[in-house]
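# Per-entry structural report
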Amino acid sequence: MKRLPIGIQTFREIIEDGYIYIDKTKEAYELITDYKYVFLSRPRRFGKSLFLDTLKEIFEGNRELFRGLFIYEKYDFKRFPVIKIDLTGDFSSLESTIETTRHILRKNAERLGVKCDATNPSIILDQLINEAFKKHKNKVVVLIDEYDKPILDNINNLDVAKRNRNFLRGIYSQLKSNDEFLRFVFLTGITKFSKASIFSGLNNLEDISLNPNFGSVCGYTQDNLKNEFAEYTKDLDLDKVSEWYNGYYFLKDKIYNPYDVLKLLKYKRFGNYWFESGNPYFLIEMLKRNKYFIPQLENLTVREELLNSFDVENLKLEVLLYQTGYLTIDNVSVGLDGAYRYTLKIPNREVQISLNRLIKDFEWEKLEGW
């Protein structure tokens, strides 16, 4: 029996150590053959990091890792130099954000065998792309995981969030200026910032977050539970599993958060695994600071431009709840003006129970004199 890949975000480890892998290489193949600049937004713990690492192994030419998977016979696995930027670390101030980013970029330079003598992270990235292109005599792939973390980590400290946003704009501007040296660029995050606010000039960035072709690029489907996880789910009531954890919708299949599924299959009990794995205090603090009215969280309808926007200076509660995974799409309609409108809902029982508890605590605090 293959093992459950709980907490593992490294494709090579999953394959070589005999963990269950849900094949996402069909989507990967379509992306790398049809697109150059790609952005994907998904809530936390949805498998974004694993998909990005899968792309890394593809572009580094490690074909044998993909034996038996969709892409194995389809792609030539030509080797490219890969810059992988995983934005994790200390982003509590602009100074720590600069230092953390500088360290990440220099680790990439060491791995690729090139030297970058600059100290400004934006210039380091520029040098890194150019020197990797020269040394490896091939175009460069740039993969950026959690591109928005330096901002989200400071969602309740607007000054630092804005400083970090401006810093990141300088970093990401290097992608446009080095277009001739780049083969593929992929960014993931939780939120979708406007191109003007953070991706200045990168007009050809393709957002696949609500592209139905890639609606199941992250997460598990009901068929996955019945097939790949059959040995683990045979004694479970799949209707109850679906009620608790299914329901996320990105315009293709109904999707499970992988973290919930893996925890359920390990412990054989239902619980608020995803909700409790992250800290919802940022949401509580936002409710306190901005004195939001908490609406009925069913049948909220928003326009497409609102759903795809995130502005730290003008946060909309429904957008925040959607992009962080507390709401999901229920259905899509087109208005008389031709604009798409999305009706939102709470995805499943786990989130419903957790939000009820959160809102109850919030209302109680208000009564106590917030």
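### Things to note about the pairing of strand β9 (residues 328-334)
Bridge count between β9 and strand β10 (residues 340-345): 6 bridges; the pairing is antiparallel. Bridging from a neighbouring strand, T328 pairs with K345 of β10.

### Describing the sheet that holds β10
With antiparallel pairing, the 3 strands of this open sheet are ordered in space as β8-β10-β9. The outermost strands of the open sheet, each flanked by one partner alone, are β8 (300-303) and β9. Within this sheet the neighbouring strands show an average axis-to-axis angle of 30°, counted without direction.

### Considering unusual backbone geometry
At E146, a residue that is not glycine, the phi angle is positive and equals roughly 55°. Topologically, E146 is positioned in the loop between β3 (140-145) and α6 (149-152). Look at E146 and you get partly exposed, because its relative accessible area is 26%. For L251, which is not glycine, the phi dihedral falls at a positive 75°. Looking at the element boundaries, L251 is found in the loop between β6 (248-249) and β7 (254-255).

### A few points about the layout of surface pockets
Picture a little ball the size of a water molecule; that probe, rolled over the atoms, points out where space is still empty. Estimates place the volume of the largest pocket at around 1100 Å³. Surrounding the largest pocket, 41 residues form its lining, R44, R45, F46, K48 and E146 being those nearest its centre. Only α3 (48-59), α6 and α12 (258-267) provide two or more residues apiece to the lining of the largest pocket. Looking at the lining of the largest pocket, the element that brings in the most residues is α3, giving 5 residues. Here the lining of the largest pocket is built from residues that sort into 22 nonpolar, 11 polar and 8 charged.

### What to know about the environment of L128
For L128, the location among the structural elements is in helix α5 (residues 121-136). Leaving out residues up to four positions away in the same chain, L128 has contacts with I83, L105, N108, A109, L112, V114 and C116.

### What to know about the packing of aromatic side chains
A complete count under the given rule lists 24 aromatic pairs for this structure. When the ring of Y35 is compared with that of F214, the centres are 5.9 Å apart and the planes differ by 70°; the resulting orientation is edge-to-face. Of this pair, Y35 sits in the loop between α2 (25-34) and β1 (37-41) while F214 is found in the loop between β5 (206-207) and α9 (222-226), placing the two residues 179 residues apart along the sequence. Judged by centre distance (5.5 Å) and plane angle (40°), the ring pair of F66 and F77 falls under tilted. A residue pair is termed long-range when its members are at least 10 positions apart, and F66 in the loop between α3 and β2 (82-86) and F77 in the loop between α3 and β2 qualify at 11 residues. Both residues of the pair, F66 and F77, belong to the buried class. Each member of the aromatic cluster is reached from another via a ring pair, and the members are F46, Y248, F250, W274, F275 and Y326. One cation-aromatic arrangement involves R45 over Y259; the distance from NZ or CZ to the ring centre is 4.2 Å. Over the ring of Y72 we find R63; its NZ or CZ atom is 4.5 Å from the centre of that ring.

### Quick look at the packing of helix α4 (residues 94-112) against α5
The N-to-C vectors of α4 and α5 enclose an angle of 10°; their axes lie 10 Å apart at closest approach. Considering the angle they form, α4 stands roughly parallel to α5. Along the contact surface, α4 presents I98, T101, R102, L105, R106, N108, A109 and L112, while α5 presents P121, I124, L125, L128, A132, K135 and H136. Residue composition of the contact of α4 with α5, by class: 9 nonpolar, 3 polar and 3 charged.

### Examining the pattern of salt bridges
Overall, the coordinates contain 18 salt bridges when judged by the stated rule. Residue D153 is joined to K149 by a salt bridge in which the shortest nitrogen-to-oxygen separation is 2.7 Å. One salt bridge in this structure joins K192 and D207, with 2.9 Å as the shortest N-O distance. Here D207 lies in strand β5 and K192 lies in the loop between β4 (182-189) and α8 (195-198), a separation of 15 residues in the sequence.

Conventions adopted
Residues numbered from 1 in each chain as written. Predicted model: local features only at pLDDT ≥ 70, side-chain atom pairs only at ≥ 80, totals over all residues. Heavy atoms only, no water. Pairing = 2+ DSSP bridges. Helix = DSSP H or I, 4+ residues; strand = E, 2+ residues; numbered from the N terminus. Axes fitted to C-alpha atoms, helices over the stretch in contact; angles between N-to-C directions. Buried < 20%, exposed > 50% of the residue type's maximum accessible area, 1.4 Å probe, protein only. 1 Å grid on protein atoms, 1.4 Å probe; cavity = no way out; pocket = protein on both sides within 12 Å on 5 of 7 lines; lining within 4 Å. Points joined across faces, edges and corners; volume = space filled by probe spheres on them. Nonpolar A, V, L, I, M, F, W, Y, C, P; charged D, E, K, R; others polar. Contact = heavy atoms within 4.5 Å. Phe/Tyr/Trp six-rings, centres within 6.5 Å; stacked < 30°, edge-to-face > 60°. Lys NZ or Arg CZ within 6 Å of the ring centre and 35° of its normal. Parallel < 35°, antiparallel > 145°, perpendicular 65-115°, else oblique. Salt bridge = Lys/Arg side-chain N within 4 Å of Asp/Glu carboxyl O.

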